[in-house]
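Residue strings, one per chain:
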Amino acid sequence: ANFLDGSIRRFDEGGKVAASLAAPAAYDLAIDATGTRLFVNCEGGALELDPMTLAAVRSVLADPPIPSIPRALAVDGRATLLVAGDWDGVVTAFDATSGAVRWTWRTEQRGEEIRATAVSPDGTRAAAVSSSGLIVLNCATGNVLWHHLDASRGYRSCVFSADASEIITSAWSESVDRFNADTGRGMPWEFRPMQNQVSAHLGEQMTVFYEATNPTD
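Residues numbered from 1 in each chain as written. Predicted model: local features only at pLDDT ≥ 70, side-chain atom pairs only at ≥ 80, totals over all residues. Heavy atoms only, no water.

**Q** A description of the sheet that holds strand 6 (residues 56-61) should follow, citing residues and the corresponding values.
**A** Overall, antiparallel pairing links the 4 strands, which are arranged 3-4-5-6 in an open sheet. One side of each edge strand has no neighbouring strand; the edge strands of this open sheet are strand 3 (29-31) and strand 6. Across this sheet, the average inter-strand angle for adjacent strands is 25°, counted without regard to direction. As paired strands, strand 3 and strand 4 (residues 38-42) are joined by 3 bridges and run antiparallel to one another. Across the sheet, L29 pairs through a bridge with V40, a residue of strand 4. (Pairing = 2+ DSSP bridges. Helix = DSSP H or I, 4+ residues; strand = E, 2+ residues; numbered from the N terminus. Axes fitted to C-alpha atoms, helices over the stretch in contact; angles between N-to-C directions.)

Listed below in structure tokens is the structure:
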């Protein structure tokens, strides 16, 4: 996990800190499906870390360089492609080993922060959320597959389901939206937290409950 104090920490199964690293510029972490390659954003691209010790393995700098420090970072399941989003509204896909840039995409409005990125488990699609909504791109070409524009939602994160059939987004309003990953059509489910807040000690595991409703039933 990365923290606001500029540190990255790994916790053991008992919730104790097993390793830590000072990383003042760290905003996002990405790990592959096998759990063996861990990346954190850095100026110009990403820094690969040992997932057990958090020691630096190598720098993976985008070529050509990313002009703004990445805000969001995601990696595909095989750790072949990194997808970064920056503070200036640019999404960049680059090789997770060489740093060679495959493509870039930019929001229509400059200075629109990319808050989160995600890569589908099969490595074919990338998703990104900004203040204006959700965009889904072809991982091979960077072409837009579909987008959902809705600035009122205030999306802050996105993730693909395990079978890559859905994209789930969370919003600042503490709500969750689900989309068909192929078409972008909203899924007819509404999620509401069953508690307004919870308190937990550092490393403590807790269970929280949500109420799910299908309004079409």
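**Q** Explain the pattern of salt bridges to me, and be specific about the residues and the numbers.
**A** Per the stated rule, a full pass over the model turns up 8 salt bridges. E48 is paired through a salt bridge with R58; the nearest N and O atoms lie 3.3 Å apart. Placement of the pair is E48 in strand 5 (residues 45-49) and R58 in strand 6, with a sequence separation of 10 residues. Judged by relative accessible area, E48 falls into the buried class, the value being 5%. Classification of R58 by relative accessible area gives partly exposed; the value is 36%. One salt-bridge network, held together by shared partners, links R37, E48 and R58. (Salt bridge = Lys/Arg side-chain N within 4 Å of Asp/Glu carboxyl O. Buried < 20%, exposed > 50% of the residue type's maximum accessible area, 1.4 Å probe, protein only.)

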